[in-house]
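# Breakdown of the fold
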Amino acid sequence: MDASITSLTLETKSMRSEIASFQSRVMGLEQRMGLVEAQATVSRDRDQDLLYLRCKLTDMEDRSQRDNIRLHGIPENEEGTDVQAFLSSTLPKLTSLDFDPLIEFQRAHRIGPKRSDNSSRPRPIIECLLQHNQTRQILQAVHNHGPFRIDQHDIRITADYSKETNERRKTFLALRPRLRQLEIKYGLFDPAKMWITKNGVSKDFYNPEELRLFHDSFQPQSIDSTSTNCSHDNAGDNEGTGNFPPGQEKTNMALCDTEAGQEAET
């Protein structure tokens with residue numbers, strides 16, 4: 001009997017020791033999990049901060065380029081040695097605009113190194129205008145009267161956006177056939193906001209992926225007037241079809257059909 005009690009006592013002590021060891025290990029795991037969760041929270045906060053800073057940086061870049069215009073298709077060396085003088089005489093002829101005061105540039109030049117192969121596509125010309133209203137006039141003329149031609153060469157004039165904004169615009173433009181198929185009216189606003197309307201109800205999209213998901217699971221009653229994701233305060237120009245939001249006149253930044261093929265040369 002005593003031997004049995006002694007054996008049970010030893011087994012109990014052993015179990016207590018194991019339980020204490022397990023408790024210690026569990027406490028250690030809980031502490032580690034707490035650290036991991038804290039690090040995950042910090043990581044999420046950092047990701048949100050990085051996204052915010054990325055949006056702000058893109059916005060600042062777009063604003064700094066709002067007086068820039070790109071000309072595509074001008075043959076190499078057509079401008080001679082004075083690009084600004086060439087553009088001062090060419091742009092009024094192309095756009096049929098009478099600039100008053102005369103058009104002025106802060107700078108103008110080709111983008112990228114000179115190409116040795118003259119048969120290749122010419123480099124775009126980028127120019128920064130001194131008067132913002134002249135930039136708007138030119139881009140409005142592109143919408144009203146483009147495309148243009150010089151000596152049998154097709155000339156495209158586009159706004160100048162940051163690389164990220166250009167990619168968003170191209171992705172939005174790629175979704176147009178599906179929107180037409182669904183009979184959804186749309187407008188692409190400056191710099192990269194897609195506005196759609198169906199049955200008199202409108203919705204804004206700043207993220208192309210959200211618009212893709214929306215039209216993939218389209219239900220007419222699913223349109224609401226909310227808008228999501230980071231946006232730019234200077235949105236006010238658009239591309240598209242049909243009616244447009246109240247208070248926002250149709251003064252587009254560049255031709256929808258031609259801008260989809262705009263080069264992202266820097």
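In the nomenclature of an unreviewed UniProt entry, the chain corresponds to L1 transposable element RRM domain-containing protein from the organism Pleurodeles waltl.

### So, the pattern of salt bridges
Throughout the structure, instances matching the rule amount to eight salt bridges. With a shortest N-O distance of 2.7 Å, arginine 70 and aspartate 160 are connected by a salt bridge. In this pair, arginine 70 is assigned in strand E1 (residues 68–72) and aspartate 160 in the loop between strand E5 (153–159) and helix H4 (163–174), connecting sequence segments 90 residues apart. Given a relative accessible area of 6%, arginine 70 falls into the buried group. With a shortest N-O distance of 2.3 Å, arginine 149 and aspartate 154 are connected by a salt bridge.

### What about the packing of aromatic side chains?
Inspection of every chain in the model, using the stated rule, returns one aromatic pair. Where phenylalanine 205 meets phenylalanine 214, the ring centres are 5.4 Å apart and the plane angle is 45 degrees; that geometry is what we call tilted. The side chain of lysine 193 reaches across the aromatic face of phenylalanine 189, ending 5.1 Å from its centre.

### Comments concerning the side chain of arginine 168
Secondary-structure assignment places arginine 168 in helix H4. In this structure the side chain of arginine 168 is engaged in a polar contact, spanning 2.9 Å, whose partner is the backbone oxygen of tyrosine 206.

### Description of the environment of isoleucine 69
Its place among the elements puts isoleucine 69 in strand E1. On the basis of relative accessible area, isoleucine 69 is assigned to the buried category, the value being 0%. Sequence separation between isoleucine 69 and isoleucine 125 is 56 residues, and the spatial gap between their C-alpha atoms is 8.2 Å. Isoleucine 69 has contacts with Ile125, Ile126, Glu127, Leu129, Thr135, Ile138, Ile157 and Thr158, leaving out every residue within four places of it along the chain.

### With respect to the pairing of strand E7 (residues 193–198)
With respect to burial, E7 is a largely interior element, six of its six residues being buried. Here E7 shows a buried face lined by Lys193, Trp195 and Thr197 and a second buried face lined by Met194, Ile196 and Lys198. Between strand E6 (residues 185–189) and E7, which pair antiparallel one after the other, the connecting turn spans three residues. Two elements, E7 and strand E8 (residues 201–205), share five bridges in a ladder whose sense is antiparallel. Considered in E8, the bridge of tryptophan 195 is made with aspartate 204. Counting the residues that bridge the hairpin from E7 to E8 gives two residues, and of these asparagine 199 lies at a positive phi of roughly 55 degrees.

### Things to note about the sheet that holds E6
Read from one edge of the open sheet, three strands run E6-E7-E8, paired in antiparallel fashion. In this open sheet, the two edge strands, each paired with only one partner strand, are E6 and E8. Across the sheet, the mean angle separating the axes of adjacent strands is 20 degrees when strand polarity is ignored. With respect to the sheet, H4 is in contact with E6, E7 and E8, its orientation differing from that of E6 by roughly 170 degrees.

### What to know about the sheet that holds E1
Taken in spatial order, the five strands make up an open sheet running E2-E3-E1-E5-E4, and their pairing is antiparallel. Strands at the two margins of the open sheet, each flanked by one partner only, are strand E2 (105–110) and strand E4 (148–150). In this sheet, neighbouring strand axes are inclined to one another by 25 degrees on average, regardless of whether the strands run parallel or antiparallel. Pairing of E1 with E5 involves four bridges; the strand directions are antiparallel. Across the sheet, residue leucine 71 finds its bridge partner in E5, namely isoleucine 157. On the sheet, helix H2 (residues 83–95) packs against E1, E2, strand E3 (125–129), E4 and E5 and is oriented at approximately 95 degrees with respect to E2. On top of the sheet, helix H3 (residues 132–145) reaches E1, E3, E4 and E5; it is set at about 130 degrees to E5, its chief contact.

Cut-offs used in this document
Every chain's residues receive numbers from 1 upward, in the order its sequence appears when written. Given that this is a predicted model, residues contribute local features only at a pLDDT of at least 70 and side-chain atom pairs are listed and counted only at 80 or more, while totals for whole chains, interfaces and linings are drawn from all residues. By convention in this description, side-chain values take in all heavy atoms of the structure and omit both hydrogens and water. We define a salt bridge as a side-chain nitrogen of Lys or Arg found within 4 Å of a carboxyl oxygen belonging to Asp or Glu. The numbering of helices and of strands both runs from the N terminus, where a helix is a DSSP run of H or I of at least 4 residues and a strand a run of E of at least 2. The rule is simple: take the accessible area with a 1.4 Å probe, protein chains only, and divide by the maximum for that residue type; under 20% is buried, over 50% is exposed, in between is partly exposed. For Phe, Tyr and Trp, where Trp contributes only its six-membered ring, two rings pair if their centres lie within 6.5 Å, and the inter-plane angle classes them as stacked under 30 degrees, edge-to-face over 60, or tilted in between. Geometrically, a charge over a ring is one whose NZ (Lys) or CZ (Arg) sits within 6 Å of the ring centre while staying within 35 degrees of the ring normal. Two N or O atoms count as a polar contact when they lie within 3.5 Å, although within protein this holds only if one can serve as hydrogen donor and the other as acceptor, and sequence-adjacent residues are included solely when both atoms are side-chain atoms. Note on contacts: a residue pair qualifies if any of its non-hydrogen atoms lie within 4.5 Å across the two residues. Pairing between two strands requires that DSSP report at least two bridges joining them. Between N-to-C directions, angles cover 0 to 180 degrees, with each direction set by a line fitted to C-alpha atoms, over the stretch in contact for helices.

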